[in-house]
2 protein chains.
Amino acid sequence: MAKDKKKVEQITDMEVDFAQWYTDVCKKAELIDYSSVKGMFIYRPYGYAIWENIQKELDARFKELGHENVYLPVLIPESLLQKEKDHVEGFAPECAWVTMGGGEQLEERMCVRPTSETLFCEHYKNIIQSYRDLPKLYNQWCSVLRWEKTSRPFLRHREFLWQEGHTMHETADEARAETMQMLNVYADFLENILAMPVIKGRKTDKEKFNGAEETYTVECMMHDRKALQAGTSHYFGDGFARAFDITFTGRDNQLHHPHQTSWGVSTRMIGGIIMTHGDNNGLVLPPRIAPIQVIVLPIAQHKPGVVEAAQELIDRLKAIGVRVRGDFSENSPGWKFAEYEMKGVPLRIEIGPKDIEQGQCVAARRDSGEKITIPLGELEARVGELLDAVHDGLYAKAKANLMSNIYEAHSLEEAKAIQEEKGGFIKTMWCGDLECELAMKDKAGMSSRCIPFEQEHLGDVCPICGKPAKTMIYWGVAY
Amino acid sequence: MAKDKKKVEQITDMEVDFAQWYTDVCKKAELIDYSSVKGMFIYRPYGYAIWENIQKELDARFKELGHENVYLPVLIPESLLQKEKDHVEGFAPECAWVTMGGGEQLEERMCVRPTSETLFCEHYKNIIQSYRDLPKLYNQWCSVLRWEKTSRPFLRHREFLWQEGHTMHETADEARAETMQMLNVYADFLENILAMPVIKGRKTDKEKFNGAEETYTVECMMHDRKALQAGTSHYFGDGFARAFDITFTGRDNQLHHPHQTSWGVSTRMIGGIIMTHGDNNGLVLPPRIAPIQVIVLPIAQHKPGVVEAAQELIDRLKAIGVRVRGDFSENSPGWKFAEYEMKGVPLRIEIGPKDIEQGQCVAARRDSGEKITIPLGELEARVGELLDAVHDGLYAKAKANLMSNIYEAHSLEEAKAIQEEKGGFIKTMWCGDLECELAMKDKAGMSSRCIPFEQEHLGDVCPICGKPAKTMIYWGVAY
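Calculation criteria
- Residues numbered from 1 in each chain as written.
- Chains lettered and ligands numbered in written order.
- Predicted model: local features only at pLDDT ≥ 70, side-chain atom pairs only at ≥ 80, totals over all residues.
- Helix = DSSP H or I, 4+ residues; strand = E, 2+ residues; numbered from the N terminus.
- Rg over C-alpha atoms; globule rule 2.2 N^0.38 Å.
- Buried ≥ 20, exposed ≤ 12 C-beta atoms within 10 Å, placed from the backbone.
- Contact = placed C-beta atoms within 7 Å.
- Nonpolar A, V, L, I, M, F, W, Y, C, P; charged D, E, K, R; others polar.
- Pairing = 2+ DSSP bridges.
- Domains from an automatic or database assignment.
- Least-squares fit on C-alpha atoms with pLDDT ≥ 70 in both.
- Axes fitted to C-alpha atoms, helices over the stretch in contact; angles between N-to-C directions.
- Parallel < 35°, antiparallel > 145°, perpendicular 65-115°, else oblique.
- Left-handed = near helix turned anticlockwise from the far one by under 90°.
- Arc of directions from axis to C-beta.
- Right-handed = clockwise from strand over helix to strand, strands pointing away.

**Q** Explain the overall build of chain A to me, using residue names and the numbers behind them.
**A** What chain A contains, in helices and strands, is 15 helices and 23 strands. The C-alpha atoms of chain A give 25 Å as radius of gyration, which agrees with the globular expectation for 479 residues (23 Å, within 12%). Overall, the C-alpha framework of chain A stretches about 80 × 55 × 50 Å when taken along its three principal axes. Within chain A, the proportion of its 479 residues that are buried is 49%.

**Q** Tell me about the interface of chain B and chain A, and name the residues and values.
**A** Each partner contributes to the interface: chain B provides 41 residues, whereas chain A provides 41 residues. Listing elements by their share of the side of chain B that touches chain A, those giving two or more residues are β2 (41-43), α3 (45-64), β3 (68-69), β4 (75-77), β5 (96-101), β6 (104-112), α6 (117-127) and β8 (159-169) of chain B. Taken together, the residues of the side of chain B that touches chain A sort by class into 24 nonpolar, 10 polar and seven charged. Bridging between strand β5 (residues 96-101) of chain A and β5 of chain B involves five bridges; their strand directions are antiparallel.

**Q** Go over the domain arrangement of chain A with me, naming the residues and quoting the values.
**A** In terms of domain boundaries, chain A breaks down into domain 1 (11-277), domain 2 (294-389) and domain 3 (406-476). With centres defined by C-alpha atoms, the gap from domain 2 of chain A to domain 3 of chain A works out at 49 Å.

**Q** Before we move on, could you go through the relation of the copies chain B and chain A and cite the residues and values that matter?
**A** In the superposition of chain B on chain A (RMSD 0.0 Å, axial shift 0.0 Å), the rotation amounts to 180 degrees. Look at the turn and shift together and you get a two-fold axis relating the two. Residue valine 98 of chain B, judged by its C-alpha, is the member of chain B lying nearest the rotation axis, at 2.1 Å. A symmetric contact is evident, with 100% of the interface residues of chain B recurring at the interface of chain A.

**Q** Got a sec to walk through the environment of glutamine 140 of chain A? Specific residues and values, please.
**A** Residue and element names in this part refer to chain A. Residue placement: glutamine 140 occurs in strand β7 (residues 136-145). Looking at glutamine 140, the number of C-beta atoms within 10 Å reads 21, which means it is buried. Along the primary structure glutamine 140 and glycine 278 are separated by 138 residues, whereas in three dimensions their C-alpha atoms are 30 Å apart. Discounting chain neighbours no more than four positions away, the residues touching glutamine 140 are Asn69, Val70, Tyr71, Leu72, Ser116, Gln163 and Glu164.

**Q** So what's going on with the packing of helix α14 (residues 412-421) of chain A against helix α15 (residues 434-444) of chain A? Residues and values would help.
**A** When two helices pack together, their arrangement is captured by the angle between the axes and the distance separating the axes. All names here are of chain A. In the contact formed by α14 and α15, the axes pass within 10 Å of each other and the chain directions differ by 45 degrees. Classified by the interaxial angle, the pair formed by α14 and α15 is oblique. Remark: the crossing between α14 and α15 carries right-handed chirality. Contacts between α14 and α15 involve Leu412, Ala415, Lys416 and Gln419 from the former and Ala439, Met440, Lys443 and Ala444 from the latter. In the contact of α14 with α15, the residues fall into five nonpolar, one polar and two charged.

**Q** Quick rundown of the sheet that holds strand β11 (residues 227-237) of chain A? Include the residues and the values.
**A** Residue and element names in this part refer to chain A. Spatially, the 11 strands line up as an open sheet ordered β3-β7-β8-β14-β11-β10-β9-β22-β23-β21-β20, and their pairing is mixed. Only two strands of the sheet have a single partner each, and these edge strands are β3 (68-69) and β20 (406-408). Both β11 and strand β14 (residues 259-266) contribute to a ladder of five bridges, which runs antiparallel. Across the sheet, residue serine 233 finds its bridge partner in β14, namely tryptophan 263. Of the strands in this sheet, β20, β21 (425-430) and β23 (471-476) touch α14, which is tilted by about 170 degrees from β21.

**Q** I'd like a description of helix α6 (residues 117-127) of chain A, backed by residues and values.
**A** Every α-helical turn comprises 3.6 residues, leaving residues that sit three or four positions apart pointing alike. Among the 11 residues in α6 of chain A, eight count as buried, and that is most of the element. Those residues of α6 of chain A lying buried are Glu117, Thr118, Leu119, Phe120, Cys121, Glu122, His123 and Tyr124 of chain A.

**Q** Pulling in residues and values, what's your account of α15 of chain A?
**A** All names here are of chain A. Inspection of α15 places Cys436, Glu437, Met440 and Ala444 among the buried residues, and these make up the whole buried set. Looking down the long axis of α15, one finds its buried residues gathered within 105 degrees of arc, a one-sided arrangement. Opposite its buried face, α15 presents the exposed residues Leu434, Glu435 and Asp442, each directed more than 90 degrees away. Along its buried surface, α15 packs onto α14, β21, β22 (447-452) and β23. Downstream of α15 by a residue or two, glycine 445 has a phi angle that is positive, lying close to 70 degrees.

**Q** With reference to specific residues and values, describe the pairing of strand β23 (residues 471-476) of chain B.
**A** Residue and element names in this part refer to chain B. The pairing of strand β21 (residues 425-430) with β23 spans five bridges and is antiparallel. Looking across to β23, one finds that threonine 428 is bridged to isoleucine 473. The pairing of strand β22 (residues 447-452) with β23 spans three bridges and is classified as antiparallel. Bridging across to β23, cysteine 450 finds its partner in tyrosine 474.

**Q** Describe unusual backbone geometry, listing the residues and the values that go with them.
**A** Residues and elements named next belong to chain A. Cis geometry is found at the peptide bond from leucine 134 to proline 135, where omega equals -5 degrees. Looking at where proline 135 falls in the secondary structure, it is placed in the loop between α6 and β7. Phi is positive for asparagine 253, which is not a glycine, with a value near 70 degrees. Inspection of the secondary structure assignment puts asparagine 253 in the loop between β12 (248-249) and β13 (255-256).

**Q** Summarise the sheet that holds strand β6 (residues 104-112) of chain A; cite the residues concerned and give the values.
**A** What the six strands build is an open sheet, ordered β4(A)-β6(A)-β5(A)-β5(B)-β6(B)-β4(B); its pairing is antiparallel. Every other strand in the sheet has two partners, leaving β4 (75-77) of chain A together with β4 of chain B as the edge strands with one partner each. Across the sheet, the mean angle separating the axes of adjacent strands is 45 degrees when strand polarity is ignored. Where β5 of chain B and β6 of chain B come together, four bridges link them in antiparallel fashion. Within the sheet, the bridge partner assigned to tryptophan 97 of chain B lies in β6 of chain B and is cysteine 111 of chain B.

**Q** Just give me the short version of the pairing of β21 of chain A, but keep the residues and values in it.
**A** Residue and element names in this part refer to chain A. By the criterion of burial, β21 is predominantly enclosed, with six of the six residues buried. Relative to β21, β20 runs parallel, the two being bridged by three bridges. Counterpart to tyrosine 407 in the pairing with β21 is isoleucine 426. A crossover connection joins β20 to the parallel β21 through α14; in handedness this β-α-β unit is right-handed.

**Q** An account of the environment of proline 258 of chain A is needed here, citing residue identities and associated values.
**A** Residue and element names in this part refer to chain A. Mapped onto the elements, proline 258 comes out in the loop between β13 and β14. Classification of proline 258 by C-beta neighbours within 10 Å gives buried; the count is 27. With 36 residues separating them along the chain, proline 258 and methionine 222 place their C-alpha atoms 38 Å apart. With residues up to four places along the chain from it excluded, the contact list for proline 258 reads Ile128, Leu134, Met168, His169, Glu170, Asp238, Ala241, Ile246 and Phe248.

**Q** Can you lay out the environment of proline 468 of chain A for me, pointing to particular residues and giving the numbers?
**A** All names here are of chain A. Here proline 468 lies in the loop between β22 and β23. As a C-alpha pair, proline 468 and methionine 403 span 65 residues in sequence and 27 Å in three-dimensional space. Apart from residues lying up to four places away in sequence, proline 468 is in contact with Cys431, Asp460 and Val461.

Structure follows, in C-alpha cells:
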C-alpha cells in the first residue's frame, strides 16, 4: 500500500525510538527547521501558525482579566541584571552578551534578555507612585535567549518564543491571588484548548524560579511517560521591589513596597502537543488550535461536479468560522490521506461522485480513524460536533495515559525500580529536605515535579530519610 | 479655565517648539517611556495597543494575499551577513555584536539582526528545489537592532518593532509585481486606515536599500512639512540568490536562480500618526486604529440614572464592535475632557440628566471639536457615521497640508530658498546623476524623497547641472 510505504519511509515508529520519532515529526510536518546558528531554530509557517493560535487564545484570556501588553528592550545592562542576587546567579551563566555596538566596544556589556523581571522592575519604579497606580498588570510577547548546551526542537532552544506576565500589587494577598489565577488560566487553557491534562502544584525550593518566593507549575505527562513542565507562575513577595527600591504611598499615607508576580508559557507547549497526542502516522493536533481543522478532499475529482461539490463544502464551513482547506492537486488520494494525517489535521472530509449521488460526504477522525457518513444538509452541525468529539477523545486518551502511569512508592529503591521498569510519575511522602530531593535525583534519576495541590496521605514518614513526612510529592524524569 | 491650564502645563505648543511638542505628546499620552538602555524605548500599553491594531490590520491583508508568517533566529553569524557585499557594507557599521555566550567567548561573533535577508536566504536555499516550491511568500513580525547615534521616540530607536516580508519567485516579472503589490498594500493601509496621504515613487540609487536593485517608497508629509518615509518595498532581482547559491529546477528542467523581494513597515508609523494628526491639545488618533474609539463620560454622575444610561451606551456600542470605554472616576468632567483629548480619542460622548430627559446624548469630534446631538435610538448608526467622518476629516486635512506644501523649483538656489522659507516637498527635474543629488543635500540640506510614479514635465534640463533631465523628482528634509 502506497500509504503505508510513505509512512514507514518518513517517520520512525515511536516504540522503536521516541526521540527520533519526535524529531521526524517536527521536520516532516514542516513545523521547524534547523538554522546555521547552533541551538536556534526556524519556526516554519505550519509551526508558527500553531503558536499564533496559542497566542490568540491566551492573549484574549489575559486581556479579559485586565492585563495589558507592553514591549521592553531586548538588551539588559549587566548592572541591572545584578540588582537581585538570586536572579543573577541563576541566569548569568546562560546569558549571551553584546559587547560591541556601532563599531565600538560598549562601556558596559548587555545581555540579550533571558527573562525581563529586571527591566520591568526598573520601569515600574518610574511609573508607580501611589496605591492608585496599582495593580499594574503587564504582559509581553517576545523571544528570550538562554545559552543552553544541548538543544531540541521546541523543548530546548537557545532562542524561544514566549509570553512573560509581570504584575505589581498593593498587598501580598492580591499578588498571591494573581499568581494562582494565572496558573489556573494556564491549566484551563492546556486542558480545554490543547487537550492536555495537567497536575497543578508547587515547586520545591530547589526547583523554583531564581528570585521567586514561590513557584507554581502545571505538569503534563508525555506519551513516553516523561514529564513536561508546561507553564509556571511565580510569587515574588516584595524581594525584587526592595532590590529595585520600588515604593508607593499607601492608603495609610506611608511608603510601602508593592508585591509582585510573574508567569510564562512558551513554544515548548508545541513540543508538549506533539508528544501528548502524536502517533506513528505523525502529528495529531487538538482541533481548537489546529491551523487546518478540516481538510476537504475531492475523490475522482475529474468527474463532473466533484470539484464544485468539494468547494461548496469548503465555502459552507468557512462561513461558520471553521479553519478549512481543500486539496485539489493532482496527487493521489492515498498520498493526500497520508500527508494530512502526518500534518495532524483533526478531520478529513471526502466527497466523490457516489457521495454526491447519495447527498452525503464522509468524514474521518484523525484521533480514532473512525469514518462517519454525514448527510450534506447536516454538514455544519456535524462538523462542529465532530471537532468537539476529537478534542474530547484526545483529552480522554491523554488523561488515561496520565492516570495509569502514576505510581506510589514507599522507599527510594522502590521508586527507582518503578521508574526503570515503567516510567511515569511516582508519588511519595517527603520530609521537605533538600538532601532527600538530591538523593532521589542522584540514585533514581528523578527530579521533583511538584507538591500537588491535591494531597494524599500515603504514610507518616519520608521514604528516603525516615524522618516525619510533611507532604506528598511527585517525582519524574522531565524534558 | 481648568482645562486650558492643564493643556498649557502639559504640552508645549507645536508652533513654539515642534520637537518638544512631539516628545511631550509621546510621554504625556503614555505611548512610550525611556529605559536605562540608551536609545531603546519602552512601548507602554497605549502605544503598544496602537501597534497591535496596526499589526492586526496589516497581517490580515498579508494573509489574504497568500503570505505566511515565520520566525527566524535573532542572531546572524558574521560570515552569513558578509555573503552579499552591498548588504554588509550598509549594515555592518550599525550592528550590535554578541561575542560571548554561556560564559565563553564565541568562535564567531554574531550580530543581533538589523534585518533578515541573509537568514531568509539561507533558509530558502534549504527549502526551494523546484519551481513547484515557488513562490515562497513569508513574513516575520519581530524587533530589529540598529546602533544609531541619535534616537527619538518611534522615529529612531536602537531597537524597533517591525514586519519584514521576504518572498521568492520563479520569474523577475512575478517578483516585480509582488514588489509593487506590497507597496500598494502599504499605500492603501496608510490612506484608508491611518488617514495619511502618500506619494508613491521610486528611490534613487543613493537612497535604495543595501543590496536591492530597486527600492520603492511611500512618502508622507508631517505637520511641520518634513518628510517621513513610511514604508518601503524592494526588488532584489537574483542578486542575493546568486550570493547564497539558491537554485531551482525550472519548467524547462534547467537550474535557475529565483527572484526576490522584501518589504517592511515599522513602529515609526506611530511617529507618523502623531506628527500628521496631532494638535496642541495632544494626540489625535485615526479612528480605525485608535485603541479607544469612543469615550463615554457621564455628566453629573451622582444624579439617579446617569451611570446606568452611560453604561447602556457602552454596552450598545460594544455589541456592534466599537472599541468603547467609560470613565466613571471621581475626576471632574473638565479633567476628563482634557485627558481624553490629550489621548487622542476620536469621539467623546457625554450623557447627563438633561440628555436622558430628552432621549439623547452629545458627541464631540476630536478632529474638529464639533458637537453633535444624537437621539438615543440612532446611537449605533450615528457613531459609525461619525467615526468615518473623523477619518475623512483627518485625511482631508492631511491631504490639504500635503498639497499646499509642494513647490516647484527651477534652480538649486530657488529650491534652497523655498526650503528655508516654507519647507515642504520641492519638485524639480533631474538628470539622474549622483553629483546633483549630493549637491542638493550639501547646499540646500535636502535629500531626494522619490521619483514619483505620477510624473510631470517641468522643463527639459536638470536645474542643478543644466544637462538634459531624465525625470521629475521630489526633494525634502526628512525624519
